[in-house]
Amino acid sequence: MYGFIIRRLLLLIPIMLAVSIVVFMLLPLTGDPERQVLLAQGVQDPSVEQLEAVRHQYGYHRPLYIQYIRWMTGYPPADPNENEDAGVMSRGLLRGDLGFSHKFQTPVLDKMLEALPNTLILMAAAFMISLALGLLLGVISALRRKTWVDYTGMGAALFGVSIPNYWQGLMAILIFGIWLGWLPVEGYHGLSYLILPALTLGTAQAGSLARMTRSSMLDVLRQDYIRTARAKGLRERTVIYTHALKNAFIPVATLLFLRLPYLFGGTVVIETVFNWPGMGTLLVKHGMGAAGGMGKDWFIVQGGVLMFLLMAVTANLLCDIAYAYLNPKIRYGEGG
Amino acid sequence: MLGKIRGHLGSTRRSPAFRYFKRDIRAKVGLAIVLLVISTAIFADFIAPYSPTEQHLDEAEQGPSWKYLMGTDWAGRDIFSRIVHGTRYALAIGILFVVVTASIGVPLGLLAGYRGGKTDSLIMRMVDATLAMPGLIIALAFVAVFGPGLYNVIIALAITGWAGYARLMRGQALAIKGEVYIEAARAIGEKDRTIVARYVLPNSISPLIVMVTMTLPAAILIASAMSYLGLGVMPPAPEWGAMLLQSTRNLADNPLKSVFPGVAIIVVVLGFNFLGDALRDAFDPRLRE
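Conventions used here
Residues numbered from 1 in each chain as written. Chains lettered and ligands numbered in written order. Predicted model: local features only at pLDDT ≥ 70, side-chain atom pairs only at ≥ 80, totals over all residues. Helix = DSSP H or I, 4+ residues; strand = E, 2+ residues; numbered from the N terminus. Buried ≥ 20, exposed ≤ 12 C-beta atoms within 10 Å, placed from the backbone. Contact = placed C-beta atoms within 7 Å. Expected span 1.5 Å × (residues − 1). Core = buried A, V, L, I, M, F, W, Y, C linked by C-beta atoms within 7 Å. Axes fitted to C-alpha atoms, helices over the stretch in contact; angles between N-to-C directions. Parallel < 35°, antiparallel > 145°, perpendicular 65-115°, else oblique. Nonpolar A, V, L, I, M, F, W, Y, C, P; charged D, E, K, R; others polar. pLDDT = per-residue confidence, 0-100. Left-handed = near helix turned anticlockwise from the far one by under 90°. Domains from an automatic or database assignment.

Details of the overall build of chain B
Regarding its fold elements, chain B presents 14 helices and zero strands. Order of helices (α) and strands (β) in chain B, N terminus to C terminus: α-α-α-α-α-α-α-α-α-α-α-α-α-α. Dimensions of chain B along its principal axes, counting C-alpha atoms only, are 75 × 45 × 30 Å. The burial tally for chain B puts 46% of its 289 residues in the buried class. Residue pairs at least 24 apart in sequence account for 70% of intrachain contacts in chain B once pairs closer than 6 positions are excluded.

Okay, structure coming up:
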């Protein structure tokens, strides 16, 4: 087991390296990072001198690999002879510095840490809703296969996966927020603010979960050991609860983890719809300057993308370890 | 050898899968919707009473009427005409996405599964890593860097979209590799490339079709979300997500304006999903019974 975890952790190194390169390249890929930096500072029409000054200040005149190493580690330090400014340059990602946000006049990391808990709350609430709803719907539909219960349940689930999530959010805002006036629809100032975004995000995920649960449950119900359990005269309840459900949940649990990237994506969209003060809103609105945000702030984009990719990598790692723990075949196999 | 494959492809008309598919109500509804959408896209210019971008500024923000079936938007553009023309964007996005991702993923998957060994583990490492990434966030970052627009959206979604196809085709290649007719093809001296193209690929066509019908609507949904965020197809293009983005500015005053594009997306996506579900069940003998 420890061997497996260590091997899996070693595999993280190239993945993290790739992630860091992708995130670093976001700014150089725009073509003129110095103009982007000035735009974020509110300078619309920079002069040649201004551009040149920023280029040196941030060290963008150096070769890319030096910039990358510096962005990661803070070395080589800013060189005053080159007019490089230690004040604006990141002290290195490895030391937890994501750069300085000109929009907010604060380090990007502070902004991220402020937003991260809100995102985690929203995701956790949505996850719970989707789990409860999806499993229930899936199991009941499988048990009542080819009855109106099944058709209604699966119809609802199919509808759930076919609705644009953000539109569902808009309609929820319109009906429950504006027409009925029951619930707040913008921002996050208390538990009642959580209800609509969490429900919107949760129901969307519940649709696909219900579909997967149903087919997994049907697979299990077809197995010989279920027939055996029934044949030896066990009560139907015992067959379902102790034999079928447990086995059906194994593939569902895997799929749950595999679908986490979709939850991250969904969160970004739903946060923007409800102006939820989380990572998604920070990334899309304040970083990318979309959805009513004013102008881009690339350091926030880098930080936000990095944060989401790190979450995805971590979730994937935990999934693998949990899976290996449950399934010895993987643990002792070639290392997966 | 060829007989077997011809038999496999030629017999679809009489195969149990086709019979099952024909009886499935979802197949009928799905096919009807998809055909309706395709013909709407083709004949959009004849169906739509106005040009999708023609402005009638003195008649802006109107509700539905006989003149404007679904009302007008903030610039007095006919929403019905925009919805009709939007089918072109939806189909273009769905089809282009599938074509691009499949033409990357299918060969890679076949290569991994058929070759095995180092090639396989290298490709599958990449596939696993890609599948673990949040595709939408990567796509948004790509568009933020390279700018919005239809083609950039497709490329952005393809960065992660190919991996699903690769994983599917690898599994197929692995399963088919052991079949007797592959061995026979090798015995008569067929080249690997020929074997993959003539035997492995045609025999994995049914799961591939299912995959296409399932990823196509998903791409339409994600792309419309990107447009809604303002990082996809941009207004004034009559793309449904972009229309929703503009309509939310006064959601309360003219809610119908936000309802129609959403319903349009649901209908199209539902149509493809019906079709996909019916195909999946038809091709899976365990589910038929």
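There's plenty left to go through after this.
Things to note about the overall build of chain A
Broken down by element type, chain A carries 14 helices and two strands. Its C-alpha atoms give chain A principal-axis dimensions of about 85 × 60 × 30 Å. A total of 336 residues make up chain A; the buried ones form 40% of that total.

A look at the environment of N250 of chain B
In this structure, N250 of chain B sits in the loop between α12 (240-247) and α13 (256-283). With 189 residues separating them along the chain, N250 of chain B and E61 of chain B place their C-alpha atoms 9.8 Å apart.

Points about α13 of chain B
A turn of α-helix holds 3.6 residues, and therefore any two residues three or four places apart point the same way. Taking 1.5 Å of rise per residue, 28 residues should cover 40 Å, and α13 of chain B covers 40 Å from first to last C-alpha, within 8% of that figure. Of all 28 residues in α13 of chain B, 20 are buried; the element is thus mostly enclosed.

Examining the nonpolar core
A general trend in soluble globular proteins is that nonpolar side chains are found buried together. Of all hydrophobic cores here, the largest spans 141 residues; its most connected members are V305 of chain A together with L140, A141, L157, I220 and M226 of chain B. Residue contacts for A141 of chain B: discarding those within four places in its chain leaves L26, V301 and V305 of chain A. Formed by 20 residues, the second largest nonpolar core is a distinct cluster that contains L137, A142, A157 and M217 of chain A.

A look at unusual backbone geometry
For the peptide bond that leads from Y75 of chain A to P76 of chain A, omega is -5°, which places it in the cis range. Among the structural elements, P76 of chain A can be located in the loop between α4 (64-73) and β1 (100-101). A cis amide bond links P235 of chain B with the next residue in sequence, P236 of chain B, at an omega value of 10°. Relative to the helices and strands, P236 of chain B resides in the loop between α11 (205-229) and α12. Even without being glycine, K146 of chain A reaches a positive phi, approximately 60°. Structurally, K146 of chain A is set in the loop between α5 (108-143) and α6 (148-162).

Details of the packing of α5 of chain A against helix α12 (residues 279-287) of chain A
Residue and element names in this part refer to chain A. Contact pair α5 / α12: the axes reach a minimum separation of 7 Å and the direction vectors enclose 125°. When the interaxial angle is binned, α5 and α12 end up oblique. On α12, the residues touching K111, M112, A115, L116 and T119 of α5 are M279, G280 and L282.

Details of the interface of chain A and chain B
If you look at the interface, chain A gives 34 residues, while chain B gives 31 residues. Mapped onto the side of chain A that touches chain B, the elements with two or more residues apiece are α1 (2-29), α6, α7 (165-179), α11 (260-273) and α13 (298-326) of chain A. Looking at the side of chain A that touches chain B residue by residue, the class counts come to 27 nonpolar, six polar and one charged.

Topic: the confidence of the model for chain B
Predicted coordinates in areas of low pLDDT are best not read in detail. Residues and elements named next belong to chain B. Scored by pLDDT, chain B comes out at a mean of 87, with 93% of its residues at no less than 70. Across chain B, the secondary-structure element scoring lowest on mean pLDDT is helix α1 (residues 2-10), at 47, and the one scoring highest is helix α5 (residues 79-115), at 94. Confidence over residues 1-11 falls short of pLDDT 50; this stretch has eight contacts with residues more than four positions distant or in other chains.

Details of the packing of α6 of chain A against α13 of chain B
Packing of α6 of chain A against α13 of chain B leaves a shortest axis separation of 9 Å and a crossing angle of 125°. Considering the angle they form, α6 of chain A stands oblique to α13 of chain B. Here α6 of chain A runs over α13 of chain B; the crossing is right-handed. Facing L158, V161 and S162 of chain A of α6 of chain A, the residues of α13 of chain B in contact are I266, V269, L270 and N273 of chain B. Its residues assigned to classes, the contact of α6 of chain A with α13 of chain B comprises five nonpolar, two polar and no charged.

Comments concerning the domain arrangement of chain A
Residues and elements named next belong to chain A. Split into domains, chain A comes out as domain 1 (2-88) and domain 2 (111-330). Computed from C-alpha atoms alone, the centre-to-centre distance between domain 1 and domain 2 is 35 Å. In this assembly, twelve residues from domain 1 lie in contact with 14 residues from domain 2. Of all the secondary-structure elements, those providing two or more residues to the side of domain 1 that touches domain 2 are α1 and α2 (33-40). Sort the elements by how many residues they give to the side of domain 1 that touches domain 2 and α1 lands first, with nine residues.

So, the environment of P238 of chain B
Along the chain, P238 of chain B falls in the loop between α11 and α12. In this structure, P238 of chain B is in contact with P52, R82, H85, G86, Y89 and M243 of chain B, ignoring residues within four places of it in sequence.

Focus on the environment of D277 of chain B
As for its position among the elements, D277 of chain B is in helix α13. Distance from D277 of chain B to W66 of chain B, taken between C-alpha atoms, is 38 Å for residues 211 residues apart in sequence.

Here's the deal with the confidence of the model for chain A
Mean pLDDT for chain A: 86, with 97% of residues reaching 70 or above. Considering each helix and strand of chain A separately, the mean pLDDT is smallest for helix α14 (residues 328-332) of chain A, with a value of 64, and largest for α5 of chain A, with 92.

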